[in-house]
Amino acid sequence: MVRAGLTTERLVRAGAELADEAGFDQVTVSALARRFDVKVASLYSHLRNSQDLKTRIALLALEELADRAAEALAGRAGKDALRAFADAYRDYAREHPGRYQAARFRLDPETAAASAGGRHSQMTRAILRGYDLAEPDQTHAVRLLGSVFHGYVDLEAAGGFSHSAPDSQESWTRILDALDALLREWPAP
């Protein structure tokens, strides 16, 4: 019997909140059942298992982050677009650390293809059109930006920049300036 008030969407949202509070690695069907004060078995009419729950949280996070990045990019180009896009990722990671981690959860190819992940790549490529990069350099630049954004956010979240001056925001600004300069003067092969 399905417990009144429990829906797949409500469980996924609660799982996303749990991820933000305790960490994505701590999200399980058992932890979610404790949160709702129900037996684990009562959740199986909505979720197959913890992997299914994590996949659904990842899809939610990818969608939320894509929506936020798209809103930030609207009407911007060049350096302004680069900065808005990067800030959208960093701000989302700060506000939703567990969901941000979930957005990088490995999905099977079919699920990944149907997710908002493709929107992230399309938006990154849209930014790069302002820098006039052709393939394969555009793909290299997409990978560079993803590596810098995710790497910086991960190191910052782990406290890696809290032990010395200048502050993290100043470094972030300088890094984005350096990326803009690099993209404008992309090296020839």
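See the structure printed just above.
Residues numbered from 1 in each chain as written. Predicted model: local features only at pLDDT ≥ 70, side-chain atom pairs only at ≥ 80, totals over all residues. Heavy atoms only, no water.

This brings us to the packing of aromatic side chains. This structure, assessed with the given rule, holds seven aromatic pairs. Taking the centre distance of 6.3 Å and the plane angle of 40 degrees together, the rings of Tyr-89 and Phe-149 count as tilted. Pair noted here: Tyr-89 is in helix α4 (residues 78-95) and Phe-149 is in helix α8 (residues 137-157), with a separation of 60 residues, a long-range link. Exposure remark for Tyr-89: the relative accessible area of 7% places this residue in the buried category. Considering the side-chain rings of Phe-149 and Trp-172, the 6.2 Å spacing of their centres and the 55 degrees angle between planes classify their relative orientation as tilted. (Phe/Tyr/Trp six-rings, centres within 6.5 Å; stacked < 30°, edge-to-face > 60°. Helix = DSSP H or I, 4+ residues; strand = E, 2+ residues; numbered from the N terminus. Buried < 20%, exposed > 50% of the residue type's maximum accessible area, 1.4 Å probe, protein only.)

So, on to the environment of Phe-24. Along the chain, Phe-24 turns up in the loop between α1 (8-22) and α2 (29-36). Put simply, Phe-24 and His-140 are 116 residues apart on the chain and 29 Å apart in space, counted from C-alpha to C-alpha.

This part covers the environment of Glu-63. If you trace the backbone, Glu-63 turns up in helix α3 (residues 50-73). According to the relative accessible area criterion, Glu-63 is partly exposed, its value standing at 36%. Glu-63 sits 78 residues away from Ala-141 along the chain, and the two C-alpha atoms are 23 Å apart. A distance of 3.0 Å separates polar atoms of two side chains, one belonging to Glu-63 and the other to Arg-119. (Polar contact = N/O pair within 3.5 Å; in protein donor to acceptor, adjacent residues only side chain to side chain.)

Tracing the sequence through the fold places Arg-125 in helix α7 (residues 117-129). The contacts of Arg-125, once residues within four sequence positions are left out, are Glu-135, Gln-138, Thr-139 and Val-142. In this structure the side chain of Arg-125 is engaged in a polar contact, spanning 2.7 Å, whose partner is the side chain of Gln-138. (Contact = heavy atoms within 4.5 Å.)

The subject of this paragraph is the layout of surface pockets. Volume-wise, the largest pocket comes out at about 370 Å³. Surrounding the largest pocket, 18 residues form its lining, Tyr-89, His-120, Ser-121, Gly-146 and His-150 being those nearest its centre. Sorting the residues of the lining of the largest pocket by element identifies α3, α4, α7 and α8 as the ones contributing at least two each. The element best represented in the lining of the largest pocket is α8, accounting for seven residues. If you add up the space inside the second largest pocket, you get close to 200 Å³. If you go around the second largest pocket, you meet 16 residues; those closest to its centre are Ala-93, Pro-97, Tyr-100, Val-153 and Ala-157. Of all the secondary structure elements, the ones that give two or more residues to the lining of the second largest pocket are α1, α4, α5 (97-102) and α8. Class assignment for the residues of the lining of the second largest pocket results in seven nonpolar, three polar and six charged. (1 Å grid on protein atoms, 1.4 Å probe; cavity = no way out; pocket = protein on both sides within 12 Å on 5 of 7 lines; lining within 4 Å. Points joined across faces, edges and corners; volume = space filled by probe spheres on them. Nonpolar A, V, L, I, M, F, W, Y, C, P; charged D, E, K, R; others polar.)

A few words now on the side chain of Asp-180. Within the fold, Asp-180 resides in helix α9 (residues 168-184). For Asp-180, a relative accessible area of 4% corresponds to the buried category. Looking at Asp-180, its side chain comes within polar contact range of the side chain of Tyr-131, at 2.6 Å. When sequence neighbours within four positions are dropped, the list of residues in contact with Asp-180 reads Lys-79, Leu-82 and Tyr-131.

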